[in-house]
Amino acid sequence: MHGKHLISVALLWAGLTAIGELLVFADLFPAVGSHEAEDFDSIFRFLLILGIPVFTFVIAVVAYAALTWRVRGERPAEDGPPIRGSGWIPRIWLAVTGSLAVFVMIYPGLTGLAKLQSSYTTYGWGKEEADLEINATAFMWQWTFDYPDGTQVSLTKGKEVVIPVNKHVRFNVNSIDVVHSLWIPAFRMKIDAIPGRTTYMTVFPTELGAYDEDQSYRVQCAELCGLDHSKMWLPIRVVSESEFEAWLASLKSEGK
Amino acid sequence: MYAVKSVFGALGLGLIGFYLGLGIVAILRWLFGYPDAWGGEINIIGGWVLGVFMWLMGIGMWGQWGREWFGLKTYTRQLPGWQRYFTFNTDHKVIGIQYLVTFMVVFFLAGALAMLMRLELAQSGHQFISNGQYNGAMGLHGILMVAVAVAAVIGGIGNYAVPLMIGAQDMAFPRLNALTFWLVPPVAVGLLATPFLGGIEHGWTAYPPLAIRANSAQILFDLSIITFGLTSILGALNFIVTIIYMRAPGLSWGRLPIFVWAMFATSWIALLYTQGFAAALLLVALDRLGFSFFNSANGGDPLLYQHVFWFYSHPAVYIMVLPGFGLALELIAHFSRKPLFAYRYAVAAFLGILGLSGVVWAHHMFTSGMPNYLHGPFLVATELISIPTGLIFLSALGTIWLGRLWLKPPMLFALAVIFNFACGGVTGIFLADVPTDIHLQDTYFVVAHFHYTIVGGEIFALFAAIYYYFPKMTGRMYNERLAKLHFWWMFIGFNATFFLMHLPGIKGMNRRIADYPSELDPLNLAVSLAGFFLGASFLVFIWNMVYSWVRGPVAEANPWQARTLEWQTSSPPPHENFPVPPVVSGGPYDYGVPGSKHATFPAAPSAGFAGAPAGGGGQ
């Protein structure tokens, strides 16, 4: 009688998992604008593929038990079998959950982290040299972006941050008052701006894009920084290298 | 009406104390030649300290406790009926109900703030409230709900049930217990007064330097939370001593009900880590007075605060959910009519979480700019926590397997805890994993995740416990149809709201904002509507509780046929819980074991006791 229940639950689990895994194909993510975004999306999907069976296992057992063994009538006429659960089942459970945890820890956890922090890969927090370095300064409740040639972009001076495609762009992030956080949803990268120290992040945009077409192309403050926190954002535009040079030149000629 | 007079009297004394404190500091400042003697935040600190002290003296600490220190006779008043809930009462059952009712009121207030926020967020752009009002509402919602989550189950259910479950007459330190509760009203007054000083603009986390530059509501926030930390630490100490020393004869550690084990682990976490938060906020308060711990402009370090803060506030998550897990397992065993599956592994899981909780805090700081070498160890430690958590699921699922599931409202809520926490646990993996956390940190994905764990894991368990203990506490039964209606309404509303809330987070909606890009409009409208649906479900609950407390049918002593000790005495229990002290002779969940008895009452007639078969038995 145990076997029949086990098979039924296994079938229910398989069915729910099949339905749940459809979520992997759902259109969950904002625009993919960079290498980092591709990586984030694939890791997210991978964890989703692993996580859904864990979740559906719990649902399957709870739902099956509640439907199969529910007591009808006013109160239970007898007790259930006194199963203690001190034999091999907990040990197997411990081995399985332990291996799953260690597996996820190593891949995509530590491997992804290593990639992110390594100076040899194309992107991340570890990339020391970049093709373009931009100093980003946060203050209540604005950003300014200083380009190497002296050009400055801020809410008052220029309406958007422009960066070239297929280049390593490094943001050196500072804050002059409270903790802010520089986040570009289209690139899936974020780093806090801490007063008193410089943090940085490097991105490698792979697609052209602009805020007008996709609102995830924006530099957003992600750390609560007081009154106008929700207004602290700027559009960002990714352009080809020649357009980028032209943009810099045009700002120069306007005297900005 | 003595009780009402005494509360008003104590309030008056508290106010006098507050102004006296203000004045004393002002006089000192004037004597030492400071400009503007009345205008400093240090005046508020002086006022708070003296105000809280005099409030406590007025509410009964002087009469029942303080006089003793001066060689005078103490006195207690045994007030009848509802009046005892408004006095310095040392009965753990009274204190449990005081906590529970207080925090349910706070829960509904904070819930109303959530409704206000969802109203504003239903559409992009500004509709109803300003940015400043939004931040104030959000900060207050956050900190009030954290207070509810930390104290409602521990203070309410824990105080009520733990001494009963272990066969004790009361907590180990009854007067300390009463003091712990009566420290709460000043906290509530302090937090609810923050809007009059400009609102909490720094959220519940109070990161400096923002918290140092924020308006004076911040100082009230600090003082309230430090005071609240004091109740948490004193309460935890009391539980630890009670559980170690007050168990009935025969109630060995291996026979302890699982909820008591959960409370034991939780109390250790509260005792060990709460001081971190209190210290962090004390340092913020000092920074506001001109010190420089966290203010980088004068050589402090803002990241230091985040480490100290999360050193408490991540373990605090387990202060919230461990009692929830304990309650869920407890109820699942009783309502499945089976022994708790893998009991020893579940206990090990609680102790394992207690051990690991202290070494995972920096996973809240993956994007904070902390040194790179810290990410790996905290990723590993955080993922490790899934192993003991998995054992709790093993215990729950193993217990319902082949059981006789009695789907009463408490059981429905307990099963929902398992369901919701499974979802919250899976989404936690995305946040423990550094590469995905970089995008998801500080987005609505995090908001959805922690509401799944805290509301789904703990608040559902709180409702399970309220429905479970309602007949014990009041001696009356609630309307079961309304309770089931409440369950399904809340369960569907909750899942609709918070499952949907993951999506704007992934799509790029940051948290703690009054406004967001217009392309997220449809998702946010759906979340808001689901949120209002969820909010409305609590009206059913309030009606059911209030009506049934007054008019409900009289309940039997053991309506659930449970075997644990609290059900072997009358409902409501007499002043010292058991007319005859129990002697424990078996496990708490030995359902289906022929001839097993959890406890006997040696001096009582063997035919049974207060209408319930001693020890429950198979039937």
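Each chain carries its own residue numbering, running from 1 in the direction its sequence is written. To label them, take the chains in the order written and letter them from A, then take the ligands in the order written and number them from 1. Residue-level local features of this predicted model are given only where pLDDT is at least 70; pairs of side-chain atoms are given and counted only at 80 or more, and the full residue set underlies all totals for whole chains, interfaces and linings. Just so you know, side-chain values use all the structure's heavy atoms and leave hydrogens and water out.

**Side note on the confidence of the model for chain B**
Residue and element names in this part refer to chain B.
Link 1 in the chain: Per-chain confidence: chain B averages 92 in pLDDT, with 97% of residues scoring 70 or above.
Link 2 in the chain: Predictor confidence is given residue by residue as pLDDT, running from a minimum of 0 to a maximum of 100. The criterion used for residue contact is that any of the two residues' heavy atoms lie within 4.5 Å. This model gives residues 606–619 a pLDDT under 50, and the stretch forms 29 contacts once residues within four places in sequence are excluded.
Link 3 in the chain: Listed scores for the predicted complex are pTM 0.94 and ipTM 0.95.

**Side note on the packing of helix H2 (residues 41–69) of chain B against helix H8 (residues 217–245) of chain B**
Residues and elements named next belong to chain B.
Link 1 in the chain: Axis geometry follows a simple rule: fit a line to the C-alpha atoms, using only the stretch in contact for helices, then measure angles between N-to-C directions, giving values from 0 to 180 degrees. Note on conventions: DSSP H or I runs of at least 4 residues are helices, E runs of at least 2 residues are strands, and numbering of each starts at the N terminus. Running from amino to carboxyl end, H2 crosses H8 at an angle of 30°, the nearest separation of the two axes being 10 Å. Judged by the inter-axis angle, H2 sits roughly parallel to H8. Handedness of the H2/H8 crossing: right-handed. Every residue of H8 that contacts H2 at Glu41, Ile44, Ile45 and Trp48 is listed here: Ile219, Leu220, Leu223, Ser224 and Thr227. Orientation categories follow fixed angle ranges, with anything under 35 degrees roughly parallel, anything over 145 roughly antiparallel, 65 to 115 roughly perpendicular, and all other angles oblique. Crossings are classed by handedness, with left-handed meaning an anticlockwise turn of the near helix from the far one by less than a right angle and right-handed meaning a clockwise turn.

**Section: the packing of aromatic side chains**
All names here are of chain B.
Link 1 in the chain: Here the aromatic set is Phe, Tyr and Trp, taking the six-membered ring for Trp, and pairing holds for ring centres within 6.5 Å; pairs whose planes are under 30 degrees apart are stacked, those over 60 apart are edge-to-face, and all others are tilted. For the coordinates displayed, the defined rule picks out 86 aromatic pairs over all chains.
Link 2 in the chain: Measuring from centroid to centroid gives 6.2 Å for tyrosine 207 and tyrosine 305, while their planes differ by 75°, and the two rings are edge-to-face. Of this pair, tyrosine 207 sits in the loop between helix H6 (184–193) and helix H7 (210–213) while tyrosine 305 is found in helix H10 (residues 302–336), placing the two residues 98 residues apart along the sequence. As far as the burial class goes, tyrosine 207 and tyrosine 305 line up, both buried.
Link 3 in the chain: With centroids separated by 5.5 Å and ring planes inclined at 15°, the aromatic side chains of phenylalanine 487 and phenylalanine 491 adopt a geometry described as stacked. Remark: phenylalanine 491 and phenylalanine 487 occur in helix H17 (residues 480–507); sequence separation between them is 4 residues, near one turn of the helix. The two residues phenylalanine 487 and phenylalanine 491 agree in class, both being buried.
Link 4 in the chain: To sit over a ring, a charge needs its Lys NZ or Arg CZ within 6 Å of the ring centre and within 35 degrees of the ring normal. Arginine 247 extends its terminal NZ or CZ atom over the ring of tryptophan 253, reaching a point 4.1 Å from the ring centre. Burial here depends on accessible area, computed with a 1.4 Å probe over protein chains only, as a share of the maximum for the residue type. Under 20% is buried, over 50% is exposed, and the range in between is partly exposed.

**A few points about a nonpolar patch on the surface**
Link 1 in the chain: Here the term patch refers to residues with relative accessible area over 30% and no salt bridge, with like charges joined within 9 Å and nonpolar side chains (Val, Leu, Ile, Met, Phe, Trp, Tyr) within 5 Å. Where accessible areas are quoted, they stem from the Shrake-Rupley method and a 1.4 Å probe; at the residue level, only the protein chains shown are allowed to cover. Should a side-chain nitrogen of Lys or Arg be within 4 Å of a carboxyl oxygen of Asp or Glu, the pair is scored as a salt bridge. A contiguous nonpolar surface patch, about 1100 Å² in accessible area, is contributed by B:Leu13, B:Ile16, B:Leu20, B:Ile24, B:Ile27, B:Leu28, B:Trp30, B:Leu31, B:Phe32 and B:Tyr34.
Link 2 in the chain: Tracing the sequence through the fold places B:Leu28 in helix H1 (residues 2–31).

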